[in-house]
Every structure is written in structure tokens, then in C-alpha cells.
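Residue strings, one per chain:
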Amino acid sequence: MYPHERSLVSSLQGRPFALLGVNTDNKISTAIGAVKENNLNWRSWYDGDSGPIVENFGITGFPTIFVVDHSGVIRYKDIRGEKLEHAIELLVAEAEAAGMKGGPPPPPKAEYRVFTAATGTRTAGTFKSYSDGVVTLEKKDGTEVKIELDDMSKKDIAYLKSNRYVSDEPGEVTPPTSESAKSITESTAEPTATAKTAERVIREFVDVTGKHRTQARFLRVDGDSAVLERADGKVVRVPLAKLSENDRDYIKSQDK
């Protein structure tokens, strides 16, 4: 199903459509590995082998598909192939007629260009993918070259970010909370910071590798993730395991 799902997400970019997955592997590391190995381009929640999402939705077999309209109503269940595509197109059209808008348009097609490393090494190729801080370029002969994003020139990093080929967003697999499993109609918007969290200062958070940094304010702990408000006002979730030990200690001291 992965190729079809990737195609759906790509073809419906910019329209009011979202594909959400629920993973039930025994370990979250297996779920994260599946996302990377299969190049999944949609958000997935990790539910474990007996989590609240599967329980609350009464799922007894896999895969189980729910097709939900823009009002949060389940309109179709367990349809495949042309029936699934027809149902999605119908509900997307209904959402558009109701004034709903989708996300940003897809990134432009990558161009063949020369990338320069911070050391001055030059590599000619086309951007192919980005994962875990590593950029993959494809040369004209089809071979791939992998380069750490932090090892690239500032000009090339700016090019990749401006075209949305890379981003500072956290990982694709999100552990659920009990609340997220209760109702599919629940808003995905983050709540406004309370007076307590509003007092917290914006500080620099660093990942375990020390390579990735972001200016943000800690809001709360949600499951195995820290909810942060970036300096630009965007609220993001970052797995606690991906943060430095100092940041985890800071969050522990604040989460009272």
C-alpha cells in the first residue's frame, strides 16, 4: 500500500487532504525504521501492540482504513483501489466547496546543480531526499552521494530550506496520548499557553547529536514528547529521547 499512499499524498498536495497512519509495532524504533525505509511522507502515530487508538476505534485487523470528511465524520471504512480514490476525491471536493484550504503547494522539482561543502568540496547532482540530518544527492549516472546537512555551505542550506526540501520539523512518528484516541473530530491545534507556561523563557534546545538547535519555549510534556513553542510562534513536538541530557533535565524541572 505504501506506493499508493505516497502517490495520494503527493498528488493532493495543496488541497484539504491529510493521510494519518497508526503504527502497532512492539517498539517505536521499529516504527521509525519503517518510516525511513519506506520513505513515508505523512504523519504516523505510534500506538504499540495494544494502544488506546486501536482499542477506542475497535480495530481488529490490519490494515483498517477510515475515510473521514472535513466535519470529522467517518464516511467510509475499509475500501480499496478505485473506490478509495473516488471517495477521497468526493470528500476533498466537498471540503473545498465548504471553503476549506489545504497546505502549501509541493516543493518545486529539484534542479541539477553544484553543491559546495563547507570545506570547499564540490558535488554536482540533484536533491533526492533528506533524513536524519543527511541530504542525498543523485548524480547524472544515477549514483547517490550522501552529505551531512551541517557540512554543506550556507548557500546550499538556504537553497534546500527555501525550496522546502529540508526542514527543522521533528520526527514523523508521534506517540499518542489518551486524549488523541478519544475522538477523530478533536482539533489538531495546540492549546494556548497557560499563565505558567507563558512565564517560561525562550531558550536554545539541542538534540542528542549536538548538531541541531532550535530557539523555543517549553510548554508541556505530552507522552514521550516535549511540546515546544518556537520563536516564530509555531508549536512542535519533539521526542524527549532526541533532546540533549541538559534539555531533558530542564524540562523535568519545569514540568511540575
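Per chain, residues are indexed from 1 in the order of the written sequence. Given that the model is predicted, a residue must reach a pLDDT of at least 70 before its local features are reported, and side-chain atom pairs must reach 80 or more before they are shown or counted; all residues, however, enter totals for whole chains, interfaces and linings. For side-chain calculations, the full set of non-hydrogen atoms in the structure is used, while hydrogens and water are omitted.

A run of H or I in DSSP becomes a helix once it reaches four residues, and a run of E becomes a strand once it reaches two; helices and strands are each numbered from the N terminus. Inspection of the secondary structure assignment puts Asp-222 in strand E11 (residues 213-222). A distance of 2.4 Å separates polar atoms of two side chains, one belonging to Asp-222 and the other to Arg-237. Polar contact is the term for a pair of N or O atoms within 3.5 Å; when the atoms are in protein, one must be able to donate a hydrogen and the other to accept it, and sequence-neighboring residues count only if both atoms are side-chain atoms.

So, on to the pairing of strand E10 (residues 203-206). Note on pairing: DSSP must find at least two bridges between two strands before they are called paired. In the sheet, E10 pairs with E11 via four bridges, with the strands oriented antiparallel. Residue pairing in the sheet places Glu-204 in a bridge with Gln-215 of E11. In sequence, E10 turns back onto E11 through a hairpin of six residues, with Gly-210 there showing a positive phi of about 80°.

Our focus in this paragraph is the nonpolar core. Definition used in this section: a nonpolar core is a set of buried Ala, Val, Leu, Ile, Met, Phe, Trp, Tyr and Cys residues joined via side-chain atoms within 4.5 Å. Think of it in three bands: with a 1.4 Å probe and only protein chains considered, a residue is buried below 20% of the maximum accessible area for its type, exposed above 50%, and partly exposed in between. Counting residues in hydrophobic clusters, the biggest one holds twelve residues: Phe-115, Phe-127, Val-135, Leu-137, Ile-147, Leu-149, Met-152, Ile-157, Tyr-159, Leu-160, Tyr-165 and Val-166. Here the element with the most residues in this core is helix H5 (residues 154-162); it accounts for three residues.

Let us now look at the pattern of salt bridges. Criterion for a salt bridge: a side-chain nitrogen of Lys or Arg within 4 Å of a carboxyl oxygen of Asp or Glu. Considering all chains together, one arrives at eleven salt bridges under this definition. The closest approach of N and O atoms between Arg-15 and Glu-96, which form a salt bridge, is 2.8 Å. Pair noted here: Arg-15 is in the loop between helix H1 (2-11) and strand E1 (20-23) and Glu-96 is in helix H4 (residues 81-97), with a separation of 81 residues, a long-range link. Of the charged contacts in the structure, one is a salt bridge between Glu-229 and Arg-217, with a shortest N-O distance of 2.4 Å. Taken together, the residues Glu-229 in strand E12 (residues 225-230) and Arg-217 in strand E11 connect sequence positions twelve residues apart.

Turning our attention to the confidence of the model for the chain. Predicted confidence across the chain gives a mean pLDDT of 79, with 83% of residues reaching 70 or more. Of the regions scoring below 50 in pLDDT, residues 169-199 engages in 60 contacts with residues more than four places distant in sequence or in other chains. For every residue, the predictor states its confidence as a pLDDT score lying anywhere from 0 to 100. Note on contacts: a residue pair is in contact if any heavy atoms of the two residues lie within 4.5 Å.

For H1, every residue scored as buried is listed here: Glu-5, Leu-8 and Val-9. Angularly, the buried residues of H1 cover 95° about the axis, an arc narrow enough to put them on a single face. Residues of H1 that are exposed and angled more than 90 degrees away from the buried face: Pro-3 and Ser-11. Of the surrounding elements, those touching the buried residues of H1 are H4. Regarding the arc, it is the one traced by the directions from the helix axis to the C-beta atoms.

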